[in-house]
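Read off the chains here:
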Amino acid sequence: MNERTGQPSDSFELLESDIVNCRSCQRLVTWREQVAVEKRASYRDEEYWGRPVPGFGDRAARIVFLGLAPAAHGANRTGRVFTGDRSGDWLFRALYRAGLSNQAESLSRNDGLELLDAWVLAAVRCAPPANKPTTQERDACETFLHREFSLLTNCSVVVCLGAFGYQAACRHFGISPRPAFGHGVVVPASDSHPALVCSFHPSQQNTFTGRLTEQMFDEVIEKATSIADSLTFS
Ligand code: SF4
């Protein structure tokens, strides 16, 4: 309980409960639930999550990975962020290579995966049609982003997965003017915000075409880790 306001103090549990029960954006509520009922044929025997997807990982993480939104048949199916689609497979393999997790695969909410010094979240918590939330939906969901970053008190580096995640991070931390987005671009940490490290999003559009290679992504994670170390031990 907050002694000054009399309101319950925020917590990861409270935030997760508020996220998974949110129905603020009518278009997204309709879409996520419709997808969960209709299903993709290859997942017809699975029960879809069909709700907003909270962040996941090590609550004491120094490195936070910020993406766009759940995929309709990925996290909207499994209930864990970036889990159940090719982008997520790619991301979680990279986290494992970097020593930031205990296993290379993320398959379901109960698969035993643990992240180490890393936290993964999406700026918008419901799967949007065509992966495109509206500005109003983006803004509605930002309150959860603010609360999540307030709880992630050890965060010293945010790896922004794609321009949407980068813009969300800049808005949240009040970084303006915003340097142009590009793979490997770093916004140094200041007294008021952690460092930001930009990466192309690990979408199939980027990974299948070679625009983003494993080596490029590993280098971004190495950069983020090295910045986190320098901030932690300076
Ligand atoms: Fe709620 Fe965010 Fe989903 Fe909108 S996108 S319904 S604000 S969880």
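Above this note sits the structure.
Let us look at the structure shown here. For clarity, every value in this text was computed on a predicted model and none was experimentally measured.

Further remarks concern the overall build of the protein. Of regular secondary structure, the protein possesses eight helices and six strands. Shown N-terminal to C-terminal, the secondary structure of the protein runs as helices and strands in the order α-α-β-β-α-α-β-α-β-α-β-β-α-α. Taken over the C-alpha trace, the protein has a radius of gyration of 17 Å; the compact-globule value for 234 residues is 17 Å, and the two agree within 12%. If you line up the protein on its principal axes, its C-alpha atoms span 50 × 50 × 35 Å. Per-residue burial for the protein yields a buried fraction of 49% across its 234 residues. A fraction of 67% describes how many contacts in the protein between residues 6 or more apart in sequence connect residues 24 or more apart. Distance between charge centroids for the protein: 6 Å, based on 24 positive and 27 negative side chains.

Interaxial distance between helix H1 (residues 12-20) and helix H5 (residues 135-151) falls to 10 Å at its minimum, and their mutual angle equals 165 degrees. In terms of their interaxial angle, H1 and H5 are classed as roughly antiparallel. H5 is crossed by H1, and the crossing has left-handed handedness. Where H1 approaches H5, its residues Phe12, Leu14, Leu15, Asp18 and Ile19 are matched on the opposing element by Phe144, Arg147, Glu148 and Leu151. Its residues assigned to classes, the contact of H1 with H5 shows six nonpolar, no polar and three charged.

Bringing the site of the ligand into the picture now. All residues in the neighbourhood of the ligand are listed as Cys22, Ser24, Cys25, Leu28, Pro52, Val124, Arg125, Cys126, Ala140, Cys141 and Phe144. By residue number, the principal contributor to the shell around the ligand is H5, which donates three residues. Along the lines of polarity and charge, the residues of the shell around the ligand split into nine nonpolar, one polar and one charged.

When we look at burial in H1, the residues that qualify are Phe12, Leu15, Ile19 and Val20. On an axial view of H1, the arc spanned by its buried residues comes to 120 degrees, and they lie on one face. Looking at the packing, one finds that the buried side of H1 touches strand E3 (118-122) and H5.

Here we come to the nonpolar core. Counting residues in each nonpolar core, the largest one holds 31 residues, and the members touching the most others are Phe65, Leu91, Leu95, Leu115, Val120 and Phe217. For this core, the element with the highest residue contribution is helix H8 (residues 214-233), accounting for six residues. Counting 28 residues, the second-largest nonpolar core is a separate cluster that includes Cys22, Phe144, Leu152 and Tyr166.

Turning our eyes to something else, we now look at helix H6 (residues 163-173). If you check which residues of H6 are buried, you get Gly165, Tyr166, Ala168, Ala169, Cys170 and Phe173. Elements in contact with the buried residues of H6: strand E2 (63-67), H5, strand E4 (157-161), strand E5 (186-187) and strand E6 (195-199). Glycine 174 occupies a position one or two residues after H6 and carries a positive phi of about 70 degrees.

Below, the discussion takes up the sheet that holds strand E1 (residues 56-57). Strand order in this open sheet of six strands is E1-E3-E2-E4-E6-E5, and the pairing throughout is mixed. Each having just a single partner strand, E1 and E5 make up the two edges of the open sheet.

Definitions and limits used
- Residues numbered from 1 in each chain as written.
- Predicted model: local features only at pLDDT ≥ 70, side-chain atom pairs only at ≥ 80, totals over all residues.
- Heavy atoms only, no water.
- Helix = DSSP H or I, 4+ residues; strand = E, 2+ residues; numbered from the N terminus.
- Rg over C-alpha atoms; globule rule 2.2 N^0.38 Å.
- Buried < 20%, exposed > 50% of the residue type's maximum accessible area, 1.4 Å probe, protein only.
- Contact = heavy atoms within 4.5 Å.
- Lys, Arg positive; Asp, Glu negative; His and termini not counted.
- Charge placed at Lys NZ, Arg CZ, Asp CG, Glu CD.
- Axes fitted to C-alpha atoms, helices over the stretch in contact; angles between N-to-C directions.
- Parallel < 35°, antiparallel > 145°, perpendicular 65-115°, else oblique.
- Left-handed = near helix turned anticlockwise from the far one by under 90°.
- Nonpolar A, V, L, I, M, F, W, Y, C, P; charged D, E, K, R; others polar.
- Near = heavy atom within 4 Å.
- Arc of directions from axis to C-beta.
- Core = buried A, V, L, I, M, F, W, Y, C linked by side-chain atoms within 4.5 Å.
- Pairing = 2+ DSSP bridges.

Treat this as a map of the structure, not an account of what it does.
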